[in-house]
Structure formats: structure tokens, C-alpha cells
Amino acid sequence: MQCNCDHLVSARAGHYFNCISVWDEKEMGFPCPKNADGSLRLRNAHLKQLDCDVLYHLGLDTSTDLRAMFEDVKFVCMGGTKHRMREFAIHMCRVLGVEETKLLNLTKHAHRYAMYKVGPVLSISHGIGIPSMSVVLQEVLKLLHYAGSRDPVFFRIGTSGGLGVPPGSVVVSAWGLSGTLEKSYDVPVLGKIRKLPSFFDERLCQEVAAAASGDGYSTYIGGTMAADDYYRGQARLDGPLCDYTEAEKMAFLRTLSELGVRNIEMEATAFAGYTREAGVRAADVCVTLLDRLQGDQVTSSKSTMMGWQMRPIELVGRYIAEHCRSQQA
Ligand SMILES: O=P(O)(O)O[C@H]1O[C@H](CO)[C@@H](O)[C@H]1O
Ligand SMILES: O=c1cc[nH]c(=O)[nH]1
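The rules we used
Residues numbered from 1 in each chain as written. Chains lettered and ligands numbered in written order. Predicted model: local features only at pLDDT ≥ 70, side-chain atom pairs only at ≥ 80, totals over all residues. Heavy atoms only, no water. Helix = DSSP H or I, 4+ residues; strand = E, 2+ residues; numbered from the N terminus. Buried < 20%, exposed > 50% of the residue type's maximum accessible area, 1.4 Å probe, protein only. Polar contact = N/O pair within 3.5 Å; in protein donor to acceptor, adjacent residues only side chain to side chain. Axes fitted to C-alpha atoms, helices over the stretch in contact; angles between N-to-C directions. Parallel < 35°, antiparallel > 145°, perpendicular 65-115°, else oblique. Left-handed = near helix turned anticlockwise from the far one by under 90°. Contact = heavy atoms within 4.5 Å. Core = buried A, V, L, I, M, F, W, Y, C linked by side-chain atoms within 4.5 Å. Expected span 1.5 Å × (residues − 1). Near = heavy atom within 4 Å. Areas by Shrake-Rupley, 256 points an atom, 1.4 Å probe, with all protein chains shown as cover. Nonpolar A, V, L, I, M, F, W, Y, C, P; charged D, E, K, R; others polar. Arc of directions from axis to C-beta. Phe/Tyr/Trp six-rings, centres within 6.5 Å; stacked < 30°, edge-to-face > 60°. Lys NZ or Arg CZ within 6 Å of the ring centre and 35° of its normal.

Chemist: Help me understand the side chain of Thr-275, please; the structure alone is not making it clear to me.
Modeler: You can see Thr-275 is positioned in helix α6 (residues 268-277). Since its relative accessible area comes to 2%, Thr-275 is described here as buried. From its side chain, Thr-275 meets the backbone oxygen of Ala-272 in a polar contact 3.2 Å long.

Chemist: Explanation requested: the packing of helix α2 (residues 82-96) against helix α7 (residues 302-328) in the structure shown.
Modeler: If you want to describe how two helices pack, look at the angle between their axes and the distance between the axes. Packing of α2 against α7 brings their axes to within 10 Å, and their N-to-C directions diverge by 40 degrees. Judged on the interaxial angle alone, α7 and α2 are oblique. Two packed elements cross with a definite hand, and for α2 against α7 that hand is right-handed. Contacts from His-83, Arg-84, Glu-87, Phe-88, His-91, Met-92, Val-95 and Leu-96 of α2 reach α7 at Met-306, Gln-309, Met-310, Ile-313, Glu-314, Val-316, Gly-317, Ile-320, Ala-321 and Cys-324.

Chemist: Would you mind showing me how to read the nonpolar core here?
Modeler: Nonpolar side chains tend toward joint burial in soluble globular proteins. Cys-77, Phe-88, Phe-155, Leu-256 and Ile-320 are the most contacted members of the largest nonpolar core, which has 54 residues in total. Examining the composition of this core, we find that eight residues originate from one element, α7, more than from any other. What Phe-88 contacts, discounting residues up to four positions off in sequence, is Cys-77, Val-121, Ser-123, Ile-157, Ile-313, Val-316, Gly-317 and Ile-320. Core analysis: the second largest hydrophobic core is formed by 36 residues, Ile-130, Leu-143, Tyr-185 and Ala-268 among them.

Chemist: Explain α2 here, please?
Modeler: An α-helix turns once every 3.6 residues. As a result, residues three or four positions apart point the same way. An ideal rise of 1.5 Å per residue puts 21 Å on 15 residues; α2 measures up with 21 Å between its terminal C-alpha atoms. For α2, the set of buried residues is Arg-84, Met-85, Phe-88, Ala-89, Ile-90, His-91, Met-92 and Cys-93. Against the buried residues of α2 lie β4 (75-79), β5 (115-118), β6 (121-125), β7 (153-162) and α7. Two residues or fewer past α2, Gly-97 is found with a positive phi of approximately 70 degrees.

Chemist: Would you take a moment to explain the site of ligand 1 for this structure?
Modeler: As a structural note, the neighbourhood of ligand 1 is formed by 13 residues, with Gly-80, Arg-156, Thr-159, Met-266 and Glu-267 the closest of them. Within the backbone of Gly-80, one N or O atom sits 2.8 Å away from an oxygen atom of ligand 1. Coverage of ligand 1 by the protein chains reaches 86% of its 350 Å² of free accessible surface. Ranked by residues supplied to the shell around ligand 1, first place goes to β7 with three residues. Among the residues forming the shell around ligand 1, the class breakdown is three nonpolar, six polar and four charged.

Chemist: Any chance you could explain helix α5 (residues 246-258) here in plain terms?
Modeler: Taking 1.5 Å of rise per residue, 13 residues should cover 18 Å, and α5 covers 18 Å from first to last C-alpha, within 8% of that figure. Among the residues making up α5, those that are buried are Lys-249, Met-250, Leu-253 and Leu-256. All buried residues of α5 lie within an arc of 120 degrees about the axis, which places them on one face of the element. Residues of α5 that are buried make contact with β8 (170-177), β11 (219-226) and β12 (261-265). Two residues or fewer past α5, Gly-260 is found with a positive phi of approximately 100 degrees.

Chemist: Is there a simple way to think about the packing of aromatic side chains in this case?
Modeler: Here a ring pair, both rings aromatic, is described through the centre-centre distance and the interplanar angle of the planes. Considering all chains together, one arrives at four aromatic pairs under this definition. Relative to Tyr-319, the ring of Phe-155 has its centre 5.7 Å away and its plane inclined at 70 degrees; by these criteria the two rings are edge-to-face. Of this pair, Phe-155 sits in strand β7 while Tyr-319 sits in helix α7, and the two are 164 residues apart along the sequence. Sitting over the ring of Trp-175, Lys-183 keeps its end group 4.3 Å from the ring centre. The ring of Tyr-230 carries the charged tip of Arg-236 above its face, separated from the ring centre by 3.9 Å.

The structure is reproduced here in C-alpha cells:
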């Protein structure tokens, strides 16, 4: 197994961050610790006033017995497409010995996302980008709160553009970096920017990377830039609109690389920020579809990319299976 841990932010990047271990500068601990039994203590007193809470985008509400349906959930795995998350659910059926015929899209009536349950695992699609992902993430946090699920762990299983790593590599994110190069998710609340620190759980990150089999590819721990746009937001030259030069693009990508960024996608900051604020451990595990230092277009064949997309699925699946086995022992 080859696991490259990019722990150090380079000295040249010092005008953004000091040259220190990426995990040294984070605020330790969760702002909203769980209850003693591991269930989620959501910091919103208004929820208690609701007779019935409608989880609109999931097509579920609290008039249903959510505890009966979801109390045993231990792992929430999210990724952009419905197809990928069905593949992940099928993979987990095989890994955990659950009958595939029982797979149902539990959010079918909402016509928005797809959600499958395989034993203690929820597999959920989140669409493209932070707004789409954060809506379903927040409703799932409420769902697990109402269900009384204890110590759930969240994963994002994604795709990304790599930075200086071979296409097909897997990156486990240590932190998310915003489009303005800050390790935070900046969300406007009541007209003011709220900054949520975007660090992932260090132990989980290392445990997941250690579960990599490395069959012909490398697994990296590194920073992940979450852009709000696929084209100019990721310094591409091939969007419909572009007003910078190739030299400016390359200088920006090199700056990211020197900051410790190993891949670029569109959700990491908010995924880290919201899970951390809610007091749950999370990891973002993405395969890279290209090296952005070499180009902008995704040109690998469909079958190559489908094979690559199985890498985070198999890695997270292996981690979950090992956890389940250790609980039974
Ligand atoms: O692989 P998924 O989860 O779709 O995520 C990545 O792919 C999408 C862009 O193609 C963005 O959502 C980006 O984060
Ligand atoms: O370059 C890429 C590839 C996949 N997803 C992204 O957001 N960027």
C-alpha cells in the first residue's frame, strides 16, 4: 500500500497560512458535542416547537416512526449521483451480506435525491455543489436526530480534479479550502457571513487512508479545494466565459498545490463545516479524474472512469465492513 500524507503546508504559502501541520491550526473539539449516549444534540431550540417536522427534500416527516426505520444507522455515505449511490448500496449489500432485492429508494416520492438503506448504512445522492449537498445533509442530520441514531459517521464518496497526483488516485481530505483560499465554509446568515471551520476528523481520515489496498493506485491525505463553480471557479480555460490567461491559471493552481491542496471538487468545505458543527465525524474520499496541472477536460473513457469511481466506494466499504466486524467480535 502506498499512502502519501501531505501534512505540511509549504513555507512559500506563508502569506495565507503559517508553515505548520495542517491539523495543528484547527480548533480542537466539536462546538456541539453529542448526548452521552452518542445521539445527535442539534443546537436549535425552535425544533422543539414543531408538532411535525417535514423533511421536505427527503419526502419524510416526524409523523412517521423514524426511530423504527433509522435508529440503527451508523454510517451515512453521500455522493453526487443517484447511479453512484445505488452502486455503493449494491456494493454494501454484497459486503454486508444483505439481499439486493430489498434495495428501495426511500426518498422516491420527493423526486429530488436518492436514499438507500443497507443494514447500518445510508447511501444518499446529493447532486452538484454545496447548495444541493447542504440541503440533504442538514435534513439527514435532523433525520438521525429524530431517529436517535448513535455516533453516526459521515462520508462523501466523490470525484474530483487532482493537483499533481496521477489520475485515478484517491484523496482523503484533511481540510476543505474555499474559493478565496480559507479553511472555512462561509455561509451568509441574516445578512452576515458566518465562517464554519472546514477541518475533517483527523483520526477518521487516517483510519480510512490506512484501509486503502492501493491496488495499482496511490491514496493521499491532503487539502481539498471546494469551488462554487466547475469552470472559472476551478481555474479552467474551457468554460463559456474566461478572462484570465493560461499563465495566471497555472500560477493559481501552483499556489493551491503549495498550500497542500491535492484535489478540487465542489462540496468539501460545507461538508466539513456542517458535520463538525453538528458534532459528527466525517471524511471526504474522492478519486481524481484528471491532473489539473496537465489540462482541464475529462477525457478518460467511460469504462476507465467507472472503474476509478469504484475506488472510494471500495475503500469506504472496506472501512465500514472492518468496523462492523470489530463490533461483532
Ligand atoms: O463526484 P461528485 O460527488 O459528483 O462531485 C464532484 O463532481 C461534481 C462536478 O462534476 C461536483 O459535485 C464535484 O464535487
Ligand atoms: O475537475 C473536476 C472533476 C470532477 N469534479 C470537479 O469538481 N472537478
